[in-house]
Amino acid sequence: MRPIRLFNLLLMLSAWLSLVGLSHAAELPYAKDLKDWGMKARKESRPIVIVVVREDCPFCRLLEEEVIWPMIRSGDYLPHISLGLVDLDAGKLLRDFDGQLKTADEFAARYGVWLTPTVLFLGAEGEELAEPLIGTRLIDYYWADLDASIDSGQQQLKDRYR
């Protein structure tokens, strides 16, 4: 009798953890004020990492679950970067580096984004610090490319503003 109770408890716990994990998708940070992030980039040598996604993009969900959420949960990245999503389907406006409000489509067009997901690595004035990561590739190799792009961006900002 006890093994069945334990099994049911573990099953319920597993289901609850799955639901909690799914609810995180709505809580991912959205890029809102890039002008403010630009000031932080200059002052703190923090590259701006923008993940351009679409709501109906399965590869975007894969990237969010396998890379973006682990980045946030680890605590290793957010002290050193500004991270935000730009959802091309959400209809949200964002303040661009020049202080002007832009649609997500206008922002994406500025950087030539036509495929999602695309990860941009930007500096204090919106300049590209590294080649964008387009698509998801193999997730195991994605981390190395991501880390290299972030490290390169940090070094460029340090060299430029310190």
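The rules behind these values
- Residues numbered from 1 in each chain as written.
- Predicted model: local features only at pLDDT ≥ 70, side-chain atom pairs only at ≥ 80, totals over all residues.
- Heavy atoms only, no water.
- Helix = DSSP H or I, 4+ residues; strand = E, 2+ residues; numbered from the N terminus.
- Expected span 1.5 Å × (residues − 1).
- Bend = angle between axes of the 7 residues up to and from the residue.
- Contact = heavy atoms within 4.5 Å.
- Axes fitted to C-alpha atoms, helices over the stretch in contact; angles between N-to-C directions.
- Parallel < 35°, antiparallel > 145°, perpendicular 65-115°, else oblique.
- Left-handed = near helix turned anticlockwise from the far one by under 90°.
- Nonpolar A, V, L, I, M, F, W, Y, C, P; charged D, E, K, R; others polar.
- Buried < 20%, exposed > 50% of the residue type's maximum accessible area, 1.4 Å probe, protein only.
- Arc of directions from axis to C-beta.
- Polar contact = N/O pair within 3.5 Å; in protein donor to acceptor, adjacent residues only side chain to side chain.
- Pairing = 2+ DSSP bridges.
- Core = buried A, V, L, I, M, F, W, Y, C linked by side-chain atoms within 4.5 Å.

### Considerations on helix α3 (residues 58-74)
Each full turn of the α-helix corresponds to 3.6 residues, which orients residues three or four apart in the same direction.
Alright, step 1. The end-to-end C-alpha distance of α3 is 23 Å, a good match for the 24 Å that 17 residues give at a rise of 1.5 Å each.
Alright, step 2. Helix geometry: α3 is bent most strongly at Glu64, by close to 40 degrees.
Alright, step 3. Buried residues along α3 sit in contact with β1 (48-53), β2 (82-87), β5 (118-122) and α5 (139-161).
Alright, step 4. After α3 finishes, the residue Gly75 shows a positive phi value of roughly 80 degrees.

### What to know about the packing of α3 against α5
Alright, step 1. It is at 11 Å that the axes of α3 and α5 come closest, and there the two elements cross at 50 degrees. One way to sum up the angle between α3 and α5 is to call them oblique. Here the hand of the crossing between α3 and α5 comes out right-handed. Judged by residue contacts, Leu62, Leu63, Glu66, Val67, Pro70 and Met71 of α3 engage Ile139, Tyr142, Trp143, Leu146 and Ile150 from α5.
Alright, step 2. Counted by class, the contact of α3 with α5 contains ten nonpolar, no polar and one charged residues.

### Some details on helix α2 (residues 34-44)
Alright, step 1. Of the positions making up α2, those classed as buried are Leu34, Trp37, Gly38 and Ala41. Take α2 and look down its axis: the buried residues cluster within an arc of 105 degrees, on one side only.
Alright, step 2. Buried residues in α2 make contact with β1, β2, β3 (93-95), α4 (104-110) and α5.
Alright, step 3. The N-cap of α2, judged by a side-chain oxygen 3.2 Å from the amide nitrogen of Lys35 a few residues on, is Asp33.
Alright, step 4. At the C-terminal side of α2, Ser45 shows a positive phi close to 55 degrees.

### Examining the sheet that holds strand β6 (residues 133-134)
Alright, step 1. Pairing is mixed in the open sheet, where four strands are placed in the order β2-β1-β5-β6. Strands with a single pairing partner mark the edges of an open sheet, and in this sheet they are β2 and β6.
Alright, step 2. Of the pairings in the sheet, the one linking β5 to β6 comprises two bridges and is antiparallel in character. Looking at β6, one finds that Thr118 is bridged to Ile134.
Alright, step 3. Packed on one face of the sheet, α3 meets β1, β2 and β5 and runs near 155 degrees to β1.
Alright, step 4. Against the sheet, α5 contacts β1, β5 and β6, and its axis sits at roughly 20 degrees relative to β5.

### Regarding the side chain of Glu64
Alright, step 1. Position of Glu64 among the secondary structure elements: in helix α3.
Alright, step 2. Judged by relative accessible area, which is 5%, Glu64 ranks as buried.
Alright, step 3. In this view, Glu64 contacts Leu28, Val53, Trp69, Pro70 and Leu85; residues no more than four positions away in its chain are not counted.

### Some thoughts on the nonpolar core
Alright, step 1. Grouped together as the largest cluster of nonpolar side chains are 23 residues, with contacts concentrated most on Met71, Val119 and Leu146.
Alright, step 2. If you list the elements that add at least two residues to this core, you get β1, α3, β2, β5 and α5.
Alright, step 3. Leaving out residues up to four positions away in the same chain, Met71 has contacts with Tyr77, Ile81, Leu83, Trp143, Leu146 and Ile150.
Alright, step 4. Core analysis: the second largest hydrophobic core is formed by 21 residues, Trp37, Phe107, Leu122 and Leu129 among them.

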